[in-house]
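One letter stands for each residue in the lines below.
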Amino acid sequence: MCGIIGYIGKNKAQPILLDGLKRMEYRGYDSAGISVMHKDKIVTLKSVGKILNLENKINNSRLNSHQKLNFQQGKIGLAHTRWATHGEPSEKNAHPQKDCSGNIFIVHNGIIENYQELKKQLIKKGHLFRSDTDTEVIAHLIEEFNKKENFKTAVLKTLNSIKGTYGLAIINKKEPDKIIAARLGSPLLLGLGDKEYIIASDPAAIIRQTNKVIYLKDGEIAIIKNNDYEIISLKNKFTQHKIHQIDWTEDKIEKQGYDHFMLKEIFEQPKTIKDAIRGRLIVKDGNAKLGGLENVAHQLKTIEKIIIISCGTSYYAGLVGEYMLEEYADIPVEVEYASEFRYRKPILDSRTIVLAI
Ligand code: GLU
């Protein structure tokens, strides 16, 4: 699962954000990005693949001297590891996503279900979209409301207009003293440091800075400044919250309190499955939406055989897939070791699909 981190406080944001991303690396992702704000300037860098690629980009970036200075000096910023649901893994689709004017930057985990209709309305109003993500719609909607309302009200109105799931964090050049974060169906916690705050989707990203955290609840919004924060509901009412003390060590936090990664993974299975199908099952239509397969849907209709190739744990996952596909799709499935398959001369025709895990 993808990760979010945001920092505001007395220290330079960039190293803290990068370190936070590395600590969430174990979650899996396909691309990463970081935005740092200094005064009213925001500098963003993104890359596909490993955090190391982003780090190399930061170290060897072609930023001009002003941008470099802003990026190094800024004490507020956002970073993200993405697991694409809408749009391929690419720099343009990596987060932070921004609005037309380049004032509003957002990182988001989750899925906006009504993004297509919102996007159509926003395009009619003249908004220019630059990515294929559902996330970008949030930035433009805030921009639209922000024409008349302040940042906080614009975010509230936006969150009341979108349907779906989110953990998100936003910065806005027009109000450069704050991060606004919100949660609905995707975890988010606020770390309370000494004159600094960190918002993150995973305690692992926070623990170096502080062990005092507030777990945001679904429907809560945090407005975070560098010396103060407030937490409100979607109806703009203050909400009660408890400050928790995390007493795990850095090593243990990545294991979320379990003694071994294996135990953690076993106990995480229900959540992992839920996350994997989130936004992809359309329960009311009794159907599934698998974005990556839409372009080849017509070819899939003629399939007579599926070969799954994989190794190790994914081989076992493939076997589970075999049972399910045969039972539900009624199509014969073979599961093969990828390491053997590459040396074979299998009989493959236009009605066979190969699924490589
Ligand atoms: N739906 C968003 C996207 O595809 C967020 C994906 C995520 O949770 O990383 O960009």
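Located above this text is the structure these notes cover.
Residues numbered from 1 in each chain as written. Predicted model: local features only at pLDDT ≥ 70, side-chain atom pairs only at ≥ 80, totals over all residues. Heavy atoms only, no water.

1. A word on the sheet that holds strand S17 (residues 305-310)
Strand order across the open sheet formed by three strands is S18-S17-S19, with parallel pairing between neighbours. Unpaired on one side and paired on the other, strand S18 (333-337) and strand S19 (352-356) mark the two borders of the sheet. Strand-to-strand, the axes of this sheet are offset by a mean angle of 20 degrees, without reference to chain direction. In terms of strand pairing, S17 meets S18 through five bridges, oriented parallel. Bridging across to S18, Ile308 finds its partner in Val335. Sheet strands touched by helix H11 (residues 312-329): S17 and S18. Its angle to S18, the strand with the most contacts, is close to 175 degrees. (Pairing = 2+ DSSP bridges. Helix = DSSP H or I, 4+ residues; strand = E, 2+ residues; numbered from the N terminus. Axes fitted to C-alpha atoms, helices over the stretch in contact; angles between N-to-C directions. Contact = heavy atoms within 4.5 Å.)

2. Let's talk about the pairing of strand S8 (residues 179-184)
Counting buried residues along S8, five of its six residues qualify, which places the element largely inside the surrounding structure. Pairing of strand S7 (residues 164-172) with S8 involves four bridges; the strand directions are antiparallel. Along S8, the bridge assignment pairs Ala169 with Ala181. The hairpin turn running from S7 into S8, its antiparallel successor, is six residues long. Bridging between S8 and strand S12 (residues 220-225) involves five bridges; their strand directions are antiparallel. When the bridges of S12 are listed, Ile179 appears paired with Ile224. (Buried < 20%, exposed > 50% of the residue type's maximum accessible area, 1.4 Å probe, protein only.)

3. Some thoughts on the nonpolar core
Of all hydrophobic cores here, the largest spans 30 residues; its most connected members are Ile5, Leu17, Leu21, Ile34, Leu54 and Phe71. Sorting the residues of this core by element identifies strand S1 (3-9), helix H1 (13-23), strand S2 (31-38), strand S3 (41-48), helix H2 (51-59) and strand S10 (196-200) as the ones contributing at least two each. Among the elements that make up this core, the one with the highest residue count is H1 (five residues). Ranked by size, the runner-up nonpolar core spans 26 residues in total, among them Ile106, Leu122, Phe129 and Ile221. (Core = buried A, V, L, I, M, F, W, Y, C linked by side-chain atoms within 4.5 Å.)

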